[in-house]
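Structural description and commentary
Residue-level listing of the chains:
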Amino acid sequence: MFAASARQRTAVPNRALVVAAAVLWAVTGSAVGLILFVVAALSLLGAATGGDMTELVLWPVCIVGGAGTVLTLLYFAPGIRRLSREARFTLLGALACPAPLALVIYVMTR
């Protein structure tokens, strides 16, 4: 049992999983970058007019921090640790996509 799991971890990575993980994380990263740029621009414009921008900046930071914490806990969860590294990153990339969507919805409704 142990020899099979050790052999599986040293196997050549599955290219399809690597590509899927890269695409999912690229989409997630670009969405987060875009949201942070929009929040920074709105904060700068709001501060120039004298408005209080604390709430606008605080919520996106909390959402990204909470999503990062949840993804870190999932990465080290016992059931997911049995997967290969490529499968874990692909799974977490798919789970990370809703956080930027929540940020988009929040920023667009403000």
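Everything numeric in this text was worked out from a predicted model, so none of it was measured.

1. Observations concerning the overall build of the protein chain
- Within the protein chain, the secondary structure is distributed over 6 helices and 0 strands.
- Sequence-ordered secondary structure for the protein chain, helices as α and strands as β, is α-α-α-α-α-α.
- Of all intrachain contacts in the protein chain linking residues separated by at least 6 positions in sequence, the fraction that spans at least 24 positions is 66%.
- Surface summary for the protein chain: the accessible area is close to 7500 Å², and the carbon and sulfur share equals 75%.

2. Comments concerning the side chain of Thr28
- Within the secondary structure layout, Thr28 lies in helix H2 (residues 15-48).
- Apart from the residues within four sequence positions on either side, Thr28 is in contact with Gly93, Ala96, Cys97 and Pro100.

3. So, the packing of aromatic side chains
- According to the stated counting rule, one finds 2 aromatic pairs in the structure shown.
- Ring geometry for Tyr75 against Phe76: centres 5.0 Å apart, planes inclined by 90°, an arrangement best described as edge-to-face.
- Between the aromatic rings of Tyr75 and Phe89, the centroid separation amounts to 5.6 Å while the plane-to-plane angle is 35°, which identifies the pairing as tilted. Residue Tyr75 is found in helix H3 (residues 54-75), and its partner Phe89 is found in helix H5 (residues 85-96); the two are separated by 14 residues along the sequence.
- Overall, Tyr75 belongs to the buried group, its relative accessible area being 13%.
- Look at Phe89 and you get partly exposed, because its relative accessible area is 33%.
- In this structure, Arg88 is placed above the aromatic ring of Tyr75, and the distance from its NZ or CZ to the ring centre is 4.5 Å.

4. A few points about H5
- The terminal C-alpha atoms of H5, which comprises 12 residues, lie 16 Å apart, in line with the 16 Å expected from a rise of 1.5 Å per residue.
- Taken residue by residue, H5 has Ala87, Arg88, Thr90, Leu92, Gly93 and Ala96 as its buried positions.

5. So, the environment of Leu42
- Summarising the element assignment, Leu42 is placed in helix H2.
- Separated by 11 residues in sequence, Leu42 and Met53 place their C-alpha atoms 8.4 Å apart.

6. Focus: H2
- Between its terminal C-alpha atoms H2 stretches 49 Å, which fits the 50 Å expected from 34 residues at 1.5 Å a residue.
- Among the residues of H2, Ala21, Thr28, Val32, Ile35, Val39, Ser43 and Gly46 are the ones counted as buried.
- A distance of 3.3 Å separates the backbone nitrogen of Ala16 from a side-chain oxygen at the start of H2, and that oxygen is part of Asn14.
- Gly50 sits one or two residues past H2 and shows a positive phi near 90°.

7. Things to note about the packing of H2 against H5
- Between H2 and H5, whose axes approach to 8 Å, the crossing angle comes to 30°. The orientation of H2 relative to H5 falls into the category roughly parallel. Judged by the sense of rotation from one axis to the other, the crossing of H2 with H5 is left-handed. Contacts between H2 and H5 involve Leu17, Val18, Ala20, Ala21, Leu24, Trp25 and Thr28 from the former and Glu86, Ala87, Phe89, Thr90, Leu92, Gly93, Ala94 and Ala96 from the latter.
- Grouping the constituent residues of the contact of H2 with H5 by class yields 11 nonpolar, 3 polar and 1 charged.

Calculation notes
- Residues numbered from 1 in each chain as written.
- Predicted model: local features only at pLDDT ≥ 70, side-chain atom pairs only at ≥ 80, totals over all residues.
- Heavy atoms only, no water.
- Helix = DSSP H or I, 4+ residues; strand = E, 2+ residues; numbered from the N terminus.
- Contact = heavy atoms within 4.5 Å.
- Areas by Shrake-Rupley, 256 points an atom, 1.4 Å probe, with all protein chains shown as cover.
- Phe/Tyr/Trp six-rings, centres within 6.5 Å; stacked < 30°, edge-to-face > 60°.
- Buried < 20%, exposed > 50% of the residue type's maximum accessible area, 1.4 Å probe, protein only.
- Lys NZ or Arg CZ within 6 Å of the ring centre and 35° of its normal.
- Expected span 1.5 Å × (residues − 1).
- Polar contact = N/O pair within 3.5 Å; in protein donor to acceptor, adjacent residues only side chain to side chain.
- Axes fitted to C-alpha atoms, helices over the stretch in contact; angles between N-to-C directions.
- Parallel < 35°, antiparallel > 145°, perpendicular 65-115°, else oblique.
- Left-handed = near helix turned anticlockwise from the far one by under 90°.
- Nonpolar A, V, L, I, M, F, W, Y, C, P; charged D, E, K, R; others polar.

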